[in-house]
There are 2 protein chains.
Amino acid sequence: MKNILLVPELRELLAENNPQNLREFCESSHPADIAEFLSALEPDEIGRVLSCADPRIRVAIFPYFDIDVQLGLAERMRRAELVELVSNMSSDERVDFIKKLPEEEIQLLMPGIAQAEREDIRKLASHPEGTAGAVMSSDYATLSAGLTVQEAIEKLRLEAPDKETIYYAYVIDDQRKLIGIVSLKDLILARPNQRMADIMHPEPIYARVDEDQEEVARKIAKYDLIAIPVINGGGGLVGIVTHDDAMDILRVEQTEDLEKFMGLTGAVREEDYLSVPIFTHYRRRVIWLATLAMLELISGTILHVYEHVLTSVFILALYMPMLAGSGGNSGSQSATVVVRALALQQVRSGDVLRVLWRELRVGLLLSMTLMLVSTGRIILLGRETALLGGFSLSHIGAVVATALGLQVVSSTLFGSLLPLIAAKVKLDPAVVASPLLASMVDITGLLIYFNTARLMLGV
Amino acid sequence: MKNILLVPELRELLAENNPQNLREFCESSHPADIAEFLSALEPDEIGRVLSCADPRIRVAIFPYFDIDVQLGLAERMRRAELVELVSNMSSDERVDFIKKLPEEEIQLLMPGIAQAEREDIRKLASHPEGTAGAVMSSDYATLSAGLTVQEAIEKLRLEAPDKETIYYAYVIDDQRKLIGIVSLKDLILARPNQRMADIMHPEPIYARVDEDQEEVARKIAKYDLIAIPVINGGGGLVGIVTHDDAMDILRVEQTEDLEKFMGLTGAVREEDYLSVPIFTHYRRRVIWLATLAMLELISGTILHVYEHVLTSVFILALYMPMLAGSGGNSGSQSATVVVRALALQQVRSGDVLRVLWRELRVGLLLSMTLMLVSTGRIILLGRETALLGGFSLSHIGAVVATALGLQVVSSTLFGSLLPLIAAKVKLDPAVVASPLLASMVDITGLLIYFNTARLMLGV
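Residues numbered from 1 in each chain as written. Chains lettered and ligands numbered in written order. Predicted model: local features only at pLDDT ≥ 70, side-chain atom pairs only at ≥ 80, totals over all residues.

Draft legend 1. Structural detail: the overall build of chain A. Within chain A, the secondary structure is distributed over 23 helices and seven strands. The C-alpha atoms of chain A give a radius of gyration of 31 Å, which is well past the 23 Å a tight globule of 459 residues would have. In terms of principal-axis extent, the alpha carbons of chain A reach across some 95 × 60 × 35 Å. (Helix = DSSP H or I, 4+ residues; strand = E, 2+ residues; numbered from the N terminus. Rg over C-alpha atoms; globule rule 2.2 N^0.38 Å.)

And the structure:
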């Protein structure tokens with residue numbers, strides 16, 4: 001994201017070459033805003049501004065840049081500067097950044113970083129993408145059960161500057177097993193000499209390190225948490241995921257669902273529309289597009305097979321687009337509401353019969369409405385009897401309305417069933433891509449149409 | 001959401017009729033889980049379980065029920081019970097609940113509620129749906145600038161049980177104007193005799209009371225806040241919106257965007273798929289479906305106008321579904337990526353030319369691929385010369401490929417342009433419903449196709 005409004009002012013500041021002014025600029029707004037303003041400049045210029053900033057401010061601004069800006073800035077930094085920056089970043093932002101660096105850069109960088117932090121980076125980087133482990137932070141505060149409230153507050157006070165949050169502190173035993181959680185609010189409310197064992201909440205809500213990041217974010221949302229502790233297979237505390245990470249995860253996953261639902265392949269987590277190469281955009285779209293085009297060729301073959309129906313009663317051709325479109329649209333609509341209900345956890349895969357029964361009734365209402373629309377249109381066409389191929393207008397109207405009704409009801413049911421099946425077999429319901437659904441009901445629609453015509457008109 | 005696994009156990013507990021056990025059950029898990037377990041029971045049964053719970057636990061569980069369960073429970077409560085429940089709910093949950101009650105119920109309930117809380121409900125309920133004012137809470141802690149750290153902590157300690165968060169406290173002047181913010185972390189880190197005026201962050205990030213709730217949620221996400229203060233026109237502090245509310249807002253808004261994008265009308269905020277009446281589902285879908293069906297009738301009219309082209313070269317009809325489908329799909333794909341890029345703020349409406357230039361190149365690559373697919377298919381059809389109406393296979397192949405190429409490029413551009421225009425005129429980009437787009441490019445596709453055929457074949 002860029003904000004170009006400030007570019008002339010920023011360039012003027014740079015031209016003045018007054019480090020004090022540049023330093024003050026970096027502190028004039030929230031780091032997220034400063035990063036946004038600076039993103040409109042060239043990497044060299046951004047580097048010059050940042051080099052004037054207080055190191056504490058620089059490390060606060062840096063993670064808010066898009067990853068490609070971060071990499072561009074890193075390239076231009078002296079090694080010592082980069083080591084300092086990396087050493088001071090929060091643990092989860094640091095590992096996200098280092099994972100993106102070229103291998104040789106990492107080899108040069110790592111020896112400069114302190115042993116404990118190198119170990120921390122190695123541990124955090126070892127978790128597969130998409131799991132709690134890959135998004136967690138190791139900057140959390142721990143307490144032992146025997147501490148008094150006063151001692152605990154004193155410990156948090158000392159550690160606070162290095163921790164992502166001290167609003168929750170995690171109570172662990174000698175083996176680092178998580179045994180409880182204490183909020184800073186609990187500490188403030190308790191008497192100074194109470195022990196953690198007495199005031200902590202035992203059996204806190206937690207995430208496993210290999211748990212899907214979306215699951216973890218949902219837990220944070222469901223239980224209204226500021227952070228969730230992450231434990232390994234042995235029950236040991238290994239990290240936390242904070243509410244702001246959860247929000248980012250849910251936002252990216254949900255817009256990803258939109259793309260999946262519209263038939264775009266491949267994840268583009270964290271990548272920017274404008275910086276992704278054209279060919280990547282092409283690759284993400286072409287597979288579906290070509291597959292669907294071939295699928296539509298089946299529709300062509302059906303037209304070929306039923307050519308005699310079309311040529312003898314040409315008026316039927318005029319309703320083909322409406323029939324195909326209405327099937328695709330009603331199917332996509334019902335798939336959409338079911339995908340949404342699944343996403344908001346209002347419905348689960350076991351509710352198949354209840355959902356189908358609802359959709360059947362909605363589909364019947366919709367098909368009756370569309371039958372009225374099509375009948376109205378046919379009556380308006382009344383005088384053009386040349387198109388009718390010898391059949392009466394009411395005959396043709398009955399064929400179109402019947403086929404349309406069958407088509408809308410069947411695609412509504414089909415559209416609601418597919419996401420539920422996907423959820424049942426543990427697939428993301430959004431993989432039931434709407435364009436695929438539309439192409440499939442295009443084909444069933446033509447078959448319904450021509451067979452209805454054959455049966456009712458005998459052609 | 002319901003969890004039916006526990007139903008037999010819960011019914012057994014109820015049959016035993018041991019209040020102590022029911023009370024313990026209500027404390028055995030997070031209130032969100034208890035509400036989920038209980039939702040599988042009938043309202044009468046839920047009421048019986050809750051009546052055994054500790055009042056403090058009851059008020060914690062209640063807001064996690066779906067609104068229709070809440071209303072069902074309220075109906076069955078004695079007035080005194082309901083007054084007690086409402087009096088103890090957090091200010092934002094309380095007003096959400098009361099807004100849904102029938103008018104006569106509110107009239108009966110309000111006199112039982114204390115004056116201060118009645119006033120609070122009245123104020124919060126006065127803000128239009130969808131604004132910061134309608135989702136904010138009035139349970140926040142304030143401090144005056146002259147307080148020392150020690151005094152401030154003492155004040156927060158006293159007020160903590162009634163506040164949604166004490167992790168941020170808001171510094172206000174005599175006119176309740178917001179002049180700064182102090183986090184509990186700041187207080188813990190500061191010396192006991194420092195004053196708020198010295199340690200507070202001046203010019204905090206805030207939301208206006210009439211600001212769109214989605215904007216407010218985005219601010220919370222952008223600046224990684226636990227809560228954001230809400231101020232009125234005069235700069236006075238009137239409430240806060242917390243991170244968990246922001247998460248709910250973003251989740252609902254984003255899935256709403258999916259529905260809008262797929263052509264479903266009307267907001268169903270907070271309503272449950274399974275509890276919304278069938279007729280409401282029908283109403284949300286029928287307008288678009290009928291509109292699109294009429295639009296598809298235009299395609300029918302075009303077929304009518306170009307009937308002579310189709311009847312003289314019938315092979316062209318076989319490629320119609322592919323042409324229409326590919327246009328709709330490529331347009332929807334490019335609309336989807338642009339809608340997503342706008343939602344993630346990677347692109348803004350001013351980037352029109354950059355986006356169009358990218359999409360033009362992607363569209364050209366896609367159209368070349370599809371031209372290959374269609375040419376391959378026509379060569380396979382080679383022997384069926386009866387369909388060709390006197391033209392050579394290469395002639396027909398050239399017409400189909402040319403029309404397909406033009407169609408894919410134009411729909412790609414069209415699909416990316418529409419969301420940008422919507423964003424420019426401050427509409428939600430998702431209103432560029434994908435089915436509408438598909439129907440529109442169906443029409444342009446047929447026009448491109450028949451005119452290409454006329455020009456290239458002279459029919």
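The rest of the description comes next.
Draft legend 2. Main features of the sheet that holds strand β6 (residues 227-231) of chain A. Residues and elements named next belong to chain A. The strand order across the open sheet formed by three strands is β5-β6-β7, and the pairing between neighbours is mixed. Both outer strands of the open sheet, β5 (207-208) and β7 (237-242), are each paired with one neighbouring strand and no more. With five bridges joining them, β6 and β7 adopt antiparallel strand pairing. When the sheet's bridge partners are listed, Pro-229 is paired in β7 with Ile-240. Each of β5, β6 and β7 is contacted by helix α15 (residues 213-222), which is oriented at about 140 degrees to β6, the strand it contacts most. (Pairing = 2+ DSSP bridges. Contact = placed C-beta atoms within 7 Å. Axes fitted to C-alpha atoms, helices over the stretch in contact; angles between N-to-C directions.)

Draft legend 3. Examining the interface of chain A and chain B more closely. Between chain A and chain B, the residue contacts involve 88 residues of the former and 88 residues of the latter. Ranked by residue count, the leading element in the side of chain A that touches chain B is helix α17 (residues 278-305) of chain A, at 16 residues. For the side of chain A that touches chain B, the residue count by class is 49 nonpolar, 22 polar and 17 charged. (Nonpolar A, V, L, I, M, F, W, Y, C, P; charged D, E, K, R; others polar.)

Draft legend 4. Expanded view of the pairing of β6 of chain A. All names here are of chain A. With respect to burial, β6 is a largely interior element, five of its five residues being buried. Relative to β6, β5 runs parallel, the two sharing two bridges. Bridging across to β6, Arg-208 finds its partner in Ile-231. What sits between the antiparallel neighbours β6 and β7 is a turn of five residues, in which Gly-235 has the positive phi angle 85 degrees. (Buried ≥ 20, exposed ≤ 12 C-beta atoms within 10 Å, placed from the backbone.)

Draft legend 5. The packing of helix α8 (residues 91-100) of chain B against helix α10 (residues 115-125) of chain B, seen in detail. All names here are of chain B. Viewed as axis vectors pointing N to C, α8 and α10 meet at an angle of 70 degrees, and their least axial separation amounts to 10 Å. Regarding the angle of α8 to α10, the classification is roughly perpendicular. Each of Ser-91, Arg-94, Val-95, Ile-98 and Lys-99 in α8 lies in contact with α10, whose residues at this interface are Asp-120, Ile-121, Leu-124 and Ala-125. By residue class, the composition of the contact of α8 with α10 is five nonpolar, one polar and three charged. (Parallel < 35°, antiparallel > 145°, perpendicular 65-115°, else oblique.)

Draft legend 6. A look at the relation of the copies chain A and chain B. After a rotation of 180 degrees and a shift along the axis of 0.0 Å, chain A superposes on chain B with an RMSD of 0.2 Å. When the rotation and shift are considered jointly, the pair of chain copies conforms to a two-fold rotation axis. In this assembly, 100% of the residues forming the interface of chain A have copies in chain B that are likewise at the interface, indicating an isologous arrangement. (Least-squares fit on C-alpha atoms with pLDDT ≥ 70 in both.)

Draft legend 7. Inspection of the sheet that holds strand β7 (residues 237-242) of chain B at higher detail. Residue and element names in this part refer to chain B. Pairing is mixed in the open sheet, where three strands are placed in the order β5-β6-β7. Among the strands making up the open sheet, the edge pair consists of β5 (207-208) and β7. In this fold helix α15 (residues 213-222) packs onto β5, β6 (227-231) and β7, with an angle of close to 140 degrees to the strand it touches most, β6.

Draft legend 8. Molecular detail of the domain arrangement of chain A. The domains assigned to chain A are domain 1 (4-128), domain 2 (141-242) and domain 3 (278-457). Each of domain 2 of chain A and domain 3 of chain A has a C-alpha centre, and these two points are 53 Å apart. (Domains from an automatic or database assignment.)

Draft legend 9. Representation of unusual backbone geometry. Not every positive phi belongs to a glycine, and Glu-203 of chain A is a case in point at roughly 50 degrees. Counting through the fold element by element, Glu-203 of chain A comes out in the loop between β4 (201-202) and β5. Although it is not a glycine, Asp-224 of chain B sits at a positive phi angle of roughly 50 degrees. Note that Asp-224 of chain B resides in the loop between α15 and β6.

Draft legend 10. The arrangement of the environment of Thr-369 of chain A in detail. By secondary structure assignment, the location of Thr-369 of chain A is in helix α21 (residues 352-380). The exposure class of Thr-369 of chain A is partly exposed, given the 18 C-beta atoms found within 10 Å. Along the primary structure Thr-369 of chain A and Gly-405 of chain A are separated by 36 residues, whereas in three dimensions their C-alpha atoms are 9.0 Å apart. When neighbours within four sequence positions are excluded, Thr-369 of chain A is seen to be in contact with Val-286 and Ala-290 of chain B.

Draft legend 11. Focus on helix α1 (residues 7-16) of chain A. Sparse coverage of α1 of chain A is indicated by the burial of one of its ten residues. A positive phi of about 60 degrees marks Asn-17 of chain A, the residue just after α1 of chain A.

Draft legend 12. Spotlight on the nonpolar core. Among the nonpolar cores identified, the biggest contains 126 residues, and Val-338 of chain A together with Val-338 of chain B are the most heavily contacted of them. Setting aside its immediate chain neighbours within four residues, Val-338 of chain B contacts Val-347, Val-355, Ser-416, Pro-419 and Leu-420 of chain B. By size, the runner-up hydrophobic cluster in this structure holds 88 residues, among which are Ala-152 and Tyr-206 of chain A together with Tyr-140 and Leu-184 of chain B. (Core = buried A, V, L, I, M, F, W, Y, C linked by C-beta atoms within 7 Å.)

Draft legend 13. Inspection of the packing of helix α17 (residues 278-305) of chain B against helix α23 (residues 434-457) of chain B at higher detail. Residue and element names in this part refer to chain B. At a closest axis distance of 9 Å, the pairing of α17 and α23 adopts a crossing angle of 5 degrees. By the angle class used here, α17 and α23 are roughly parallel. Across from Trp-288, Leu-292, Leu-295, Glu-296, Ile-298, Ser-299 and Ile-302 in α17, the residues of α23 making contact are Pro-435, Leu-436, Ser-439, Asp-442, Ile-443, Leu-446 and Leu-447. For the contact of α17 with α23, the residue count by class is ten nonpolar, two polar and two charged.

Draft legend 14. Quick peek at the confidence of the model for chain A. Overall, the prediction assigns chain A a mean pLDDT of 87, with 95% of residues at 70 or greater. Here the complex is predicted with pTM 0.80, and the ipTM for its interfaces comes to 0.79. (pLDDT = per-residue confidence, 0-100.)

Draft legend 15. View of the environment of Met-440 of chain A. Examined against the element boundaries, Met-440 of chain A turns out to sit in helix α23 (residues 434-457). Here the alpha-carbon distance between Met-440 of chain A and Ala-227 of chain A, two residues 213 residues apart in the chain, equals 44 Å.

Draft legend 16. Focus on the environment of Ser-183 of chain B. All names here are of chain B. Position of Ser-183 relative to the elements: it lies in strand β3 (residues 178-183). Judged by C-beta crowding, with 19 C-beta atoms within 10 Å, Ser-183 ranks as partly exposed. Taking C-alpha positions, Ser-183 is 6.0 Å from Ala-169, a pair spaced 14 residues apart along the chain. Not counting the four nearest positions on each side in its chain, Ser-183 is found in contact with Tyr-167 and Tyr-168.

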